[in-house]
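Below, each chain spelled out in residue letters.
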Amino acid sequence: MANFEISFDLSQIDFRATSGILKESYWGSGRSDELHRRAFANSLCVGAYVGGNQVGFGRAITDRTVFAYLADIIVWPGYRGQGIGTRLVQALIDHPDCKTVTHWSLSTNDAHAVYEKLGFRSSTDGRYMRLDRITAT
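What you are looking at is a predicted structure, and each value in this text was computed from that prediction instead of being measured. (Residues numbered from 1 in each chain as written. Predicted model: local features only at pLDDT ≥ 70, side-chain atom pairs only at ≥ 80, totals over all residues. Heavy atoms only, no water.)

K.L.:
Give a detailed account of the side chain of Ser7, specifying residues and quantitative values.
P.N.:
In this fold, Ser7 is placed in strand β1 (residues 5-7). From its side chain, Ser7 meets the backbone nitrogen of Asp9 in a polar contact 3.1 Å long. Among the polar contacts made by the side chain of Ser7, one reaches the side chain of Gln12 at a distance of 2.5 Å. Ignoring any residue separated from it by four or fewer positions in sequence, one finds Ser7 in contact with Gln12, Cys45, Val46, Gly47 and Tyr49. (Helix = DSSP H or I, 4+ residues; strand = E, 2+ residues; numbered from the N terminus. Polar contact = N/O pair within 3.5 Å; in protein donor to acceptor, adjacent residues only side chain to side chain. Contact = heavy atoms within 4.5 Å.)

K.L.:
Can you tell me about the sheet that holds β1, naming the residues and giving the values?
P.N.:
If you trace the 7 strands from one edge of the open sheet to the other, you get β1-β2-β3-β4-β5-β7-β6, paired in mixed fashion. Where the open sheet ends on each side, the last strands, each with one partner, are β1 and β6 (121-122). Relative to strand β4 (residues 67-75), strand β3 (residues 53-62) runs antiparallel, the two being bridged by 6 bridges. Looking across to β4, one finds that Gly56 is bridged to Val75. (Pairing = 2+ DSSP bridges.)

K.L.:
Lay out the packing of aromatic side chains with the relevant residues and their values.
P.N.:
Tallying each qualifying case throughout the model produces 4 aromatic pairs. Their ring planes at 85° and their centres at 5.0 Å tell us that Tyr26 and Trp27 sit as a pair that is edge-to-face. Overall, Tyr26 belongs to the partly exposed group, its relative accessible area being 40%. Look at Trp27 and you get partly exposed, because its relative accessible area is 31%. Seen in terms of ring centroids, Phe40 and Phe57 are 4.7 Å apart; in terms of plane orientation they differ by 40°. Their pairing is tilted. Of this pair, Phe40 sits in helix α2 (residues 33-41) while Phe57 sits in strand β3, and the two are 17 residues apart along the sequence. (Phe/Tyr/Trp six-rings, centres within 6.5 Å; stacked < 30°, edge-to-face > 60°. Buried < 20%, exposed > 50% of the residue type's maximum accessible area, 1.4 Å probe, protein only.)

K.L.:
So, the nonpolar core: which residues are in play, and what are the values?
P.N.:
Core analysis: the largest hydrophobic core is formed by 27 residues, its most contacted members being Leu70, Ile84, Val89, Leu92, Trp104, Tyr115 and Phe120. Elements represented by at least two residues in this core include exactly β2 (44-50), β3, β4, α3 (84-94), β5 (103-107) and β7 (128-132). Per-element accounting of this core gives the leading share, 6 residues, to α3. Apart from residues no more than four positions distant in its own chain, Ile84 is found in contact with Phe4, Ala48, Val55, Val75 and Tyr79. (Core = buried A, V, L, I, M, F, W, Y, C linked by side-chain atoms within 4.5 Å.)

K.L.:
Run through unusual backbone geometry, naming residues and quoting values.
P.N.:
In this structure, Arg64 takes a positive phi of about 60° despite not being glycine. Locating Arg64 in the fold gives a position in the loop between β3 and β4. Taking the relative accessible area as the measure of exposure, Arg64 reaches 33% and is therefore partly exposed. Even without a glycine there, the phi angle at Asp72 is positive, about 55°. Within the secondary structure, Asp72 is located in strand β4.

Structure (structure tokens):
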């Protein structure tokens, strides 16, 4: 397992690399850099780093109060299967600004097992997943 750090500092995110890898994903093909700039600016973003180099990214589209939607969770090839994606998601769920969020959701075609480890359950269509949690206000 790689020794990696998690950071919410947007200035650390390698925008070009992140936008590029997302455009290569099955869900992000057809997106532009400008679309990613706007999406990142309007989301809670997190990066994973090994030796100062970015190796993962994720974001939550959220009101930071009751609802959050996980998006663009991605780990660079060569670093997959080491728990980085799970840590990115857990970091978003545990972020202090999201402590009252009780409804988390996402859409995935191929990463159900990653999210199930964190308590997410599939909807009846098998694509959407959700995590409802009780929090103190």
